[in-house]
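Residue-level structural notes
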Amino acid sequence: MYKFHLHFKDLLLLDLQRSVYSKTGNIVQKSRSDDHTEIPFLEDLQKHTDVLCKDILKTDSKSWLQRLLCLVAVHCGESCASDILSYILVNLNDPQKASLFIELQAEMEATFPEVLDKSIKKAVSHMQHIDTATSVMMLKNLVCLVQWENSPEGRTTPRRKLQDCLQSYLQMITAQLHHSSCDVSSEAIKLMMLIGLPDTVSMATILNVATSTVNYFFCILHFEDSANRPCILNCCCKVLESLSKTAVGQTILLKELVEGALQQENAFLFGGKVVKYVDNASTSKDSKMLLLQENQRIGSTVSFAKQMTNVFHGGTVGKGVKPQVELVTISEDLMLMNIQTFICVVHSCLATDSRPLGSQSSTPGEVDSKSGNEVLANLLVDVICPDVTHAGVVWPEEEHIKTKIKM
């Protein structure tokens, strides 16, 4: 009975295949033909492609379901084919089964050469509406597929490259770095490292990717006990290194890195002194002081000159005494590690040979001819003594120094 069942399925699929391709006899020509023979069975199955995809993801024996899905996709059009591929990509719960997506893509691309572009567009747009667990799994699937493409087997397989399609949606993938889940953001940075930058990239894309990646880099430095911290920091470094290959990207990165390291919420990571306010709500009533008593204490213990007009308050009327402050510190080993990591990132951005933005640069000033070292030096001077960079004359003339004015 079981053998008869298998034989019946094979005959049914063979008959459907003949019906789908009998009109033209060539699947490539069929994709360009507007009129095709209607097959009610396949037309009705188009409404249940989600069920078929769920079944094929649950079972290990996927040969006949795979053939049936391909026939439905070829018969019903490119939109149906892209829906099937995007569903498989989003809901594939085991990256090791990514071969299913590769096989379906190869069969559908024979009829619809642009099906992968539309599938990726639908899958990436789903990231804004799916839950965290599904987002993590989808990003893992994309990482696994791109890694396979970079393997010797993937390079020799004739197919449309997933990496090329994902580069068009780099900004949408970058937006996942701001996700509340660390798992989503970590998989997103891995994917960004693998796909790299396209040959022609707009100024808006460089600015978006650079600022988001640098912000994420500093966020990872705040994680002290994360096991994935070194791996994620390495991915960030690779992404920043690829961005620094353009002159504009190198300038933006250096500026964001220098300014980010000096921000109050990041300065303590590198040994800077940062204080934070401590909430006094948990203290007992006996230890609390009235605002009037606090101001009287400060006024009686600090002596001021008669011409002194400043008043030191112990708090704000209506809000109570000022909260206590404490110094934010981290371990010395972690601080040294953060400093070393930051120096390595800056050095990798400077060591990369930057190139002009190319045809995307249409306004003067977008391409900076200065070297990365000069850009970094100007940034440091601007931060340390901003008056020098905007005063016009960096140092007074020698004759002007010799001039003496007698009163």
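Description of the structure in this document. (Residues numbered from 1 in each chain as written. Predicted model: local features only at pLDDT ≥ 70, side-chain atom pairs only at ≥ 80, totals over all residues. Heavy atoms only, no water.)

Once that is clear, we can look at helix α9 (residues 132-149). Across its 18 residues, α9 extends 26 Å between first and last C-alpha, which sits within 8% of the 26 Å expected from 1.5 Å per residue. Among the residues of α9, Thr134, Ser135, Val136, Met138, Leu139, Asn141, Leu142, Val143, Leu145, Val146, Trp148 and Glu149 are the ones counted as buried. In the core, the buried residues of α9 are packed alongside α6 (78-91), α7 (99-109), α8 (115-126), α10 (152-156), α11 (162-167) and α13 (182-195). (Helix = DSSP H or I, 4+ residues; strand = E, 2+ residues; numbered from the N terminus. Expected span 1.5 Å × (residues − 1). Buried < 20%, exposed > 50% of the residue type's maximum accessible area, 1.4 Å probe, protein only. Contact = heavy atoms within 4.5 Å.)

Glancing now at the packing of helix α4 (residues 49-58) against helix α5 (residues 63-76). It is at 10 Å that the axes of α4 and α5 come closest, and there the two elements cross at 155°. As far as their axial angle goes, α5 and α4 are roughly antiparallel. Judged by the twist between their axes, the crossing of α4 over α5 is left-handed. Each of Thr49, Leu52, Cys53, Asp55 and Ile56 in α4 lies in contact with α5, whose residues at this interface are Leu65, Gln66, Leu68, Leu69 and Val72. Of the residues contributing to the contact of α4 with α5, the split by class is seven nonpolar, two polar and one charged. (Axes fitted to C-alpha atoms, helices over the stretch in contact; angles between N-to-C directions. Parallel < 35°, antiparallel > 145°, perpendicular 65-115°, else oblique. Left-handed = near helix turned anticlockwise from the far one by under 90°. Nonpolar A, V, L, I, M, F, W, Y, C, P; charged D, E, K, R; others polar.)

A few words now on the environment of leucine 243. Assignment of secondary structure puts leucine 243 in helix α15 (residues 229-243). In the structure, leucine 243 is positioned 36 residues away from leucine 207 in sequence and 9.6 Å away in space, judged by C-alpha atoms. Excluding its chain neighbours within four sequence positions, the residues that come into contact with leucine 243 are Leu197, Val209, Ala210, Gly249, Gln250 and Leu253.

So, on to the pattern of salt bridges. Counted by the stated rule, this structure contains five salt bridges. Close ionic contact of glutamate 78 with lysine 118 constitutes a salt bridge, the shortest N to O distance being 3.1 Å. Of the two residues, glutamate 78 sits in helix α6 while lysine 118 sits in helix α8, which places them 40 residues apart along the sequence. Under the relative-accessibility criterion, lysine 118 is labelled partly exposed at 41%. Salt-bridge contacts for lysine 122 lead to aspartate 83; the nearest nitrogen and oxygen are separated by 2.5 Å. Of the two residues, lysine 122 sits in helix α8 while aspartate 83 sits in helix α6, which places them 39 residues apart along the sequence. On the basis of relative accessible area, lysine 122 is assigned to the partly exposed category, the value being 23%. Relative accessible area serves as the criterion here: at 37%, aspartate 83 is assigned to the partly exposed category. (Salt bridge = Lys/Arg side-chain N within 4 Å of Asp/Glu carboxyl O.)

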